[in-house]
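Letter by letter, the chains look like this.
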Amino acid sequence: MKRKIDYENILLFDGAMGTLLQSYGLKTGQPPESYNILGQELIAQIHGEYLQAGADIITTNTFGANSLKLSQYGLSVNEIVTSGVNIARQAAKDKLVALDIGPLGQFIEPYGTLSFDEAYLLFKEQVIFGAKAGADLILIETMTDLYELKVAVLAATENSNLPVFATMTFQADGKTLMGTEPLTMVNTISGLGVKALGINCSLGPIETLPLLEEIVKYAKVPVIARPNAGLPKENQGETVFEIGPEEFASFAKQMVQKGVSIIGGCCGTNPKYIQALKELKTVKPLKRQIQKLTAVSSATKTVIIGEKPAVIGERLNPTGKRYLQEALSQKDFSVLLQEAIKQKEAGADLLDVNVGLPEIDEAKTMAEVIKQLQGIIDLPLSIDSMNRDVLEAAVRVYNGKPLINSVNGKDDVMAELFPLVKKYGACAVCLTLDEKGIPPTAEKRLEIAKRIVNKAAQYGIDKEDLIMDCLVLTASTEQSQIPETLRAISLIKKELGVKTVLGISNVSFGLPDRTLLNKTFLALALGAGLDAAIIDPLDAEMIATLDACNVLLAFDINANRFLTKYSSIKKQDPQAQITEEDLKKVIGCGLKAAASGVTKNLLKKLTPLQVIDQYIIPALDEVGLKYEKGELYLPHLIQAAETTRVAFEVIKTHNLEEKKASLDLNKGKIALATVEGDIHDIGKNMVKLLLENYGFKVIDLGRDVSQQVILKTVREEKIELLGLSALMTTTVKNMEKTIAAIRKEGLDCKVMVGGAVLNKEYASLIGADYYGRDAREAVKIAREFFKKN
Amino acid sequence: MKINQNEVLGYLGYRGLKIEADIRNLIEACSSEILNLARPKNVYEIYRLESEADQIRLQESFLSFKSHDLQNHLGDSSYCAVMAVTLGSEVDKKIDYLAQSDLLKAMVMDATASTAIEAYGNEVCDLIRVLASKNGFFLTKRYSPGYGDFPLESQQQLLNLLNAYSKIGLTVTKSSLLIPRKSITAIVGLTKTPPVNAPVNKRCSDCKMVNCWLRREPKE
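Residues numbered from 1 in each chain as written. Chains lettered and ligands numbered in written order. Predicted model: local features only at pLDDT ≥ 70, side-chain atom pairs only at ≥ 80, totals over all residues.

Q: In this structure, what is going on with the overall build of chain B? I would like to understand it.
A: Of the regular secondary structure elements, chain B holds seven helices and eight strands. The burial tally for chain B puts 52% of its 220 residues in the buried class. Counting contacts in chain B only where the partners sit at least 6 residues apart, residues at least 24 apart contribute 74% of the total. (Helix = DSSP H or I, 4+ residues; strand = E, 2+ residues; numbered from the N terminus. Buried ≥ 20, exposed ≤ 12 C-beta atoms within 10 Å, placed from the backbone. Contact = placed C-beta atoms within 7 Å.)

Structure (structure tokens):
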């Protein structure tokens, strides 16, 4: 029987389960869910007390009923969940039963080691048993990790037809433990098809109130509040909570007045608290004014499009970039991470990600790149592909509210992609073209934009989630079209009230001094009202133009940002002035800021190979030797290595400019990985840096790398020397397994290992060929190895 | 939380030689960044101990440990405090970010964060000590999973006991690594007799990571 949820009235949830069980003698370290088997009467009694007190919805005693937790106690998910729902179902009669799902207690990769798919399956299992047993809705609660919440919501909506409610728990600083703020939560989760969302646990009602005020501003679905009874306090050896039922109810009333319509309690509350909420049922939920934003989010940052012009960094695109092509096909994602960091530091607000290469599995690669990027970069991402499967793979594993780049006015494209935009709650870049191509006038582009907005509405997509791309043609071939594009920006914004975006650099194709044209066009487009520009943020002139426009268009209030950035006459780093001095000294002393100038100077009279052989390598050897003798410390060695890296970057750019073939020092190719289960990789990164300094080609597979990926790389890249690192005794086991697998496959590859718990004997015990105590020794091993071969 | 510069230098392997001003400035900068980024959280609970032949039981819980070294360490403690502390995830993310863009700084941040979590662990011990001394107890040193024969795998049990995920967002992986990484779990004994080696910080020599790059004593 399907029971209706009455959103037209205030709905009362129940209060705490765990708190009551403890008062009935549950021991610490004992899973409360075990009472679904051992203490069924007690659970039924607690449900009964809450129903008696006036709860419309009771939550099952299944908060931690996932197999990750239950298996530690030898309990089965099926039994615990089924029994939990059955007990509640019998107690509830005509009231509603919410299948309670709490966090898994582990982080998802790349921050943790639990995979997206593993997490999904853990939730799926709970959902299937809970739905089968007769729950009326699914409550996903107490989440601190937005990513985990997204996985849980997907598992719930894809494996049941039940309505899904989602609540997160926040800290006193207004963020979840993982750093998500209310706006980001609402922006991400409300698009995933939940029927209600809000806050539970963690804080008392006092601290929850301002956070709820933020949520009711943006949430398009009913808002839930289930706070704790304040903070726990010790009173004569007993834990009591600081806020009593009456006070709790008065805060609850304020919440309802702000626009909360589903209310209950969390830790520390009991049936008396719910009883005190009963009078709230006589009022009607507030009709809220909802602010509709065009906004994209990462897990910890939301960028509101239209607040000020947004920069979408375009550099993560392998087209025409050999180093990115190579990195993508070798799965060396650190190269992409570095490219992303550079763009962020140059001022990008979003990053466009395109991994389109003919020879790779684009969907798989895209998903992997997205995971890696969101592990370290807090900018929202724009997912750039022509292929539906690639887009789905990416938006699925995306942590936040993504931007899909792009949809257009063709019927089949809209039919293919709008369901995706809707399901994953994404924003979409919409190109104003259709089956007939790009229309020549602004008016015609407006027509297409209108059709796109209307079609999207049929799929339940708000126009706020669409960003219109008015399309840039090249001035060299279609000069008359440039003013039309500018006109289209203002026209579409005025007529449709949607935000706009342009890919700027196309305008200058085929003309000299492209930057001049690009930055001028950027200024014109911003003047016409452009909201987001896809540009190369490393082009300082583009960013400078944007900074100026932000002042002139009154986005940079009181020119505050401009003043900080431009008014102080740039203090020249004294080191940057050294240009005549010896590169050896620069590396030896770790004068990173001087490295670029000195190297450029040297390249005027010497070839890159001469610079490397006569300056860089001897300098590194000298520093390395001193380090070995204990005459200087590790930070000094690393600083010298970082300085060398700068010199190498100059040499690489020089080679590109001189249009020479890419610098192939041919010193040998080495793959590095931190083994499966291990997430500590600072040591591995040091090894990598030093090896690269010496001209070795390093394929960095990253951390927590599975045996399969390592084997595949060794096979396909014909790796002769592999470096593995592991920090703990527990992960050295995986190192041993990986080495055994390499031997078993009969791969002709030597393995060097390093890590905190290893020593020479231990290394040979697990079958390694070489043991490197530190990064310096890894270099020695590699030099020796490739000399012999 | 106070970050001692000399301890950071120790982690970075400095001993004896002259220390450049650059590195001191960098540690200074990293320290204030860590203090900004860290969201230190702690949880601890006191349990009465019951020592059986080869194991220690925590009363009022389902937990017992088979560890000769832990048993030795706790000596005649009649109670123990089980504690967990963390700096939170932001610090880790910043180190990962720097590891891709500025390895020297990443390394110094990492060492600074390690110093910070140890300092924070000591602060929490001080809180426990105040509580203990009111009742006439002394505190032993902290003892963590992975020391001696106290298995690393006990991390999970300690976290379960403290409900550490809900309370402070601390988790442990299948391989028994704590995440957030800059975190500590430990047991401290509460004893009526002053411990022979009065509370000092844990020493590198107690640790199994014989070749840790942060190790202060000579490596193997």
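Q: What should I look at first to understand the overall build of chain A in this one?
A: Check the secondary structure of chain A and you find 31 helices and 25 strands. Here chain A has a C-alpha radius of gyration of 30 Å; the compact-globule value for 789 residues is 28 Å, and the two agree. By principal-axis analysis of the C-alpha atoms, chain A measures approximately 90 × 75 × 50 Å. Looking at chain A residue by residue over its 789 residues, the buried ones come to 55%. In chain A, the proportion of contacts linking residues at least 24 apart, taken out of those at least 6 apart, comes to 75%. (Rg over C-alpha atoms; globule rule 2.2 N^0.38 Å.)

Q: What should I look at first to understand the pairing of strand E23 (residues 721-725) of chain A in this one?
A: All names here are of chain A. The element E23 is largely enclosed, with a buried count of five among its five residues. Alternating positions in E23 separate into two faces, Leu 721, Gly 723 and Ser 725 on one and Leu 722 and Leu 724 on the other, with burial throughout. Two elements, strand E21 (residues 669-674) and E23, share five bridges in a ladder whose sense is parallel. Looking at E23, one finds that Ile 670 is bridged to Leu 721. Judged from the five bridges that link them, E23 and strand E24 (residues 750-754) form a sheet pairing that is parallel. In the strand pairing of E24, Leu 721 is matched with Lys 750. Following the chain from E23 across helix H29 (residues 729-744) to the adjacent parallel E24, one finds a crossover that is right-handed. (Pairing = 2+ DSSP bridges. Right-handed = clockwise from strand over helix to strand, strands pointing away.)

Q: Would you explain the interface of chain A and chain B in this entry?
A: By a frequent convention, interface size equals the accessible area lost on bringing the separate parts together. Each side of the interface is counted separately: chain A has 48 residues, and chain B has 46 residues. Of all the secondary structure elements, the ones that give two or more residues to the side of chain A that touches chain B are helix H13 (334-346), helix H14 (362-376), helix H26 (634-657), helix H27 (682-693) and H29 of chain A. For the side of chain A that touches chain B, the residue count by class is 20 nonpolar, 22 polar and six charged. (Nonpolar A, V, L, I, M, F, W, Y, C, P; charged D, E, K, R; others polar.)

Q: Explanation requested: the domain arrangement of chain A in the structure shown.
A: Each assigned domain of chain A is listed here: domain 1 (11-282), domain 2 (295-323 + 349-551), domain 3 (574-657) and domain 4 (669-788). Centre-to-centre separation of domain 1 of chain A and domain 3 of chain A, based on C-alpha positions: 58 Å. (Domains from an automatic or database assignment.)

Q: Whenever I open this one, the sheet that holds strand E6 (residues 196-201) of chain A confuses me. Can you help?
A: Paired through backbone hydrogen bonds, the strands of a sheet run either parallel or antiparallel to each other. Residue and element names in this part refer to chain A. Taken together, eight strands build an open sheet; the order of strands is E1-E10-E7-E6-E5-E4-E3-E2 and the sheet is parallel. The open sheet has two edge strands, strand E1 (11-12) and strand E2 (57-59), and neither has a second partner. As judged from the five bridges shared by E6 and strand E7 (residues 223-227), these two strands associate in the parallel manner. Paired with Asn 200 across the two strands is Arg 226, which belongs to E7.

Q: When you look at unusual backbone geometry in this model, what are you seeing that I'm missing?
A: Glycine aside, negative phi is the norm for most residues, and most peptide bonds take the trans geometry. Residue and element names in this part refer to chain A. In this structure, the amide linkage connecting Glu 109 to the following residue, Pro 110, adopts the cis form with an omega of 10 degrees. With respect to the helices and strands, Pro 110 occurs in the loop between strand E3 (96-101) and helix H6 (116-132). Residue Ser 406 is bonded to the preceding Asn 405 through a cis peptide linkage, with omega at 15 degrees. Backbone geometry places Lys 331, a non-glycine residue, at a positive phi of 60 degrees. Within the secondary structure layout, Lys 331 lies in the loop between helix H12 (322-330) and H13.

Q: Looking at this structure, how should I read the pairing of strand E8 (residues 183-191) of chain B?
A: Looking down a regular strand, the side chains alternate between one sheet face and the other. Residues and elements named next belong to chain B. With nine of nine residues buried, E8 lies mostly within the body of the structure. Neither face of E8 is left uncovered, since the one carrying Ser 183, Thr 185, Ile 187, Gly 189 and Thr 191 and the one carrying Ile 184, Ala 186, Val 188 and Leu 190 both have all their residues buried. In this structure, strand E4 (residues 79-86) lies alongside E8, joined through eight bridges in antiparallel fashion. When the sheet's bridge partners are listed, Cys 80 is paired in E8 with Gly 189. As paired strands, strand E5 (residues 138-143) and E8 are joined by four bridges and run antiparallel to one another. Considered in E8, the bridge of Tyr 143 is made with Ile 187.

Q: When you look at the sheet that holds strand E19 (residues 499-503) of chain A in this model, what are you seeing that I'm missing?
A: All names here are of chain A. With parallel pairing, the eight strands of this closed barrel are ordered in space as E13-E14-E15-E16-E17-E18-E19-E20. Going across the sheet, the axis of each strand differs from the next one's by a mean of 30 degrees, ignoring polarity. Sheet topology note: the strand E15 (residues 381-384)/strand E16 (residues 403-408) ladder contains three bridges and is parallel. Looking at the pairing, Asp 384 lines up with Asn 405 of E16. (Axes fitted to C-alpha atoms, helices over the stretch in contact; angles between N-to-C directions.)

Q: What am I meant to see in the packing of helix H19 (residues 514-527) of chain A against helix H20 (residues 540-552) of chain A here?
A: For any two helices packed against each other, the geometry is given by the interaxial angle and the distance between the axes. Residue and element names in this part refer to chain A. With their axes 9 Å apart at the nearest point, H19 and H20 run at an angle of 25 degrees to one another. On the basis of the axis angle, H19 is roughly parallel to H20. H19 and H20 meet at a crossing whose hand is right-handed. Note on element contacts: H20 touches H19 through Glu 541, Met 542, Thr 545, Leu 546 and Cys 549, opposite Thr 515, Asn 518, Lys 519, Leu 522, Ala 523 and Leu 526. Looking at the contact of H19 with H20 residue by residue, the classes come out as six nonpolar, three polar and two charged. (Parallel < 35°, antiparallel > 145°, perpendicular 65-115°, else oblique. Left-handed = near helix turned anticlockwise from the far one by under 90°.)

Q: Would you mind showing me how to read helix H8 (residues 182-189) of chain A here?
A: For an α-helix the count is 3.6 residues per turn, leaving residues at separations of three or four pointing the same way. Residues and elements named next belong to chain A. Of all eight residues making up H8, seven are buried, and the element is well covered by its neighbours. Those residues of H8 not exposed but buried are Pro 182, Thr 184, Met 185, Val 186, Asn 187, Thr 188 and Ile 189. On the buried face of H8, the contacting elements are helix H7 (146-159), strand E5 (164-168), E6, helix H9 (205-218), strand E11 (295-297) and strand E12 (302-304).

Q: What is the right way to look at the environment of A:Val223 in this model?
A: On the secondary structure map, A:Val223 appears in strand E7. You can call A:Val223 buried: it has 27 C-beta atoms within 10 Å.

Q: Before we go on, may I ask you to explain the packing of H9(A) against helix H10 (residues 245-258) of chain A in this structure?
A: All names here are of chain A. As a packed pair, H9 and H10 sit with axes 10 Å apart at the nearest point and diverge in direction by 10 degrees. By the angle between their axes, H9 is roughly parallel relative to H10. In this structure, H9 contributes Pro 205, Ile 206, Leu 209, Leu 212, Glu 213 and Val 216 to the contact, and H10 contributes Phe 248, Phe 251, Ala 252, Gln 254, Met 255 and Lys 258. Taken together, the residues that form the contact of H9 with H10 break down as nine nonpolar, one polar and two charged.

Q: Before we go on, may I ask you to explain H13(A) in this structure?
A: Taking 1.5 Å per residue, 13 residues should reach 18 Å; H13(A) reaches 18 Å between its end C-alpha atoms and fits that length. All buried positions along H13(A) are accounted for by A:Ser334, A:Leu336, A:Leu337, A:Glu339, A:Ala340, A:Gln343 and A:Lys344. Buried residues belonging to H13(A) abut strand E13 (310-316), H12, strand E14 (350-353), H14 and strand E22 (697-700) of chain A together with helix H4 (89-101) of chain B. Residue A:Gly347 follows H13(A) closely and has a positive phi angle near 115 degrees. (Expected span 1.5 Å × (residues − 1).)

Q: I would appreciate a short explanation of the environment of A:Arg445 in the present structure.
A: All names here are of chain A. Within the secondary structure, Arg 445 sits in helix H17 (residues 442-458). A count of 28 C-beta atoms within 10 Å places Arg 445 in the buried class. Sequence-distant contacts of Arg 445, that is, excluding residues within four places in its chain, are made with Thr 432, Pro 439, Cys 470, Ala 488 and Ile 492.

Q: In this structure, what is going on with the environment of A:Lys220? I would like to understand it.
A: Residue and element names in this part refer to chain A. Looking at the secondary structure, you find Lys 220 in the loop between H9 and E7. Lys 220 sits in the exposed class, given 12 other C-beta atoms within 10 Å. Taking C-alpha positions, Lys 220 is 14 Å from Ala 295, a pair spaced 75 residues apart along the chain. If near-sequence neighbours (up to four positions away) are discounted, Lys 220 is found in contact with Ser 190 and Ile 290.

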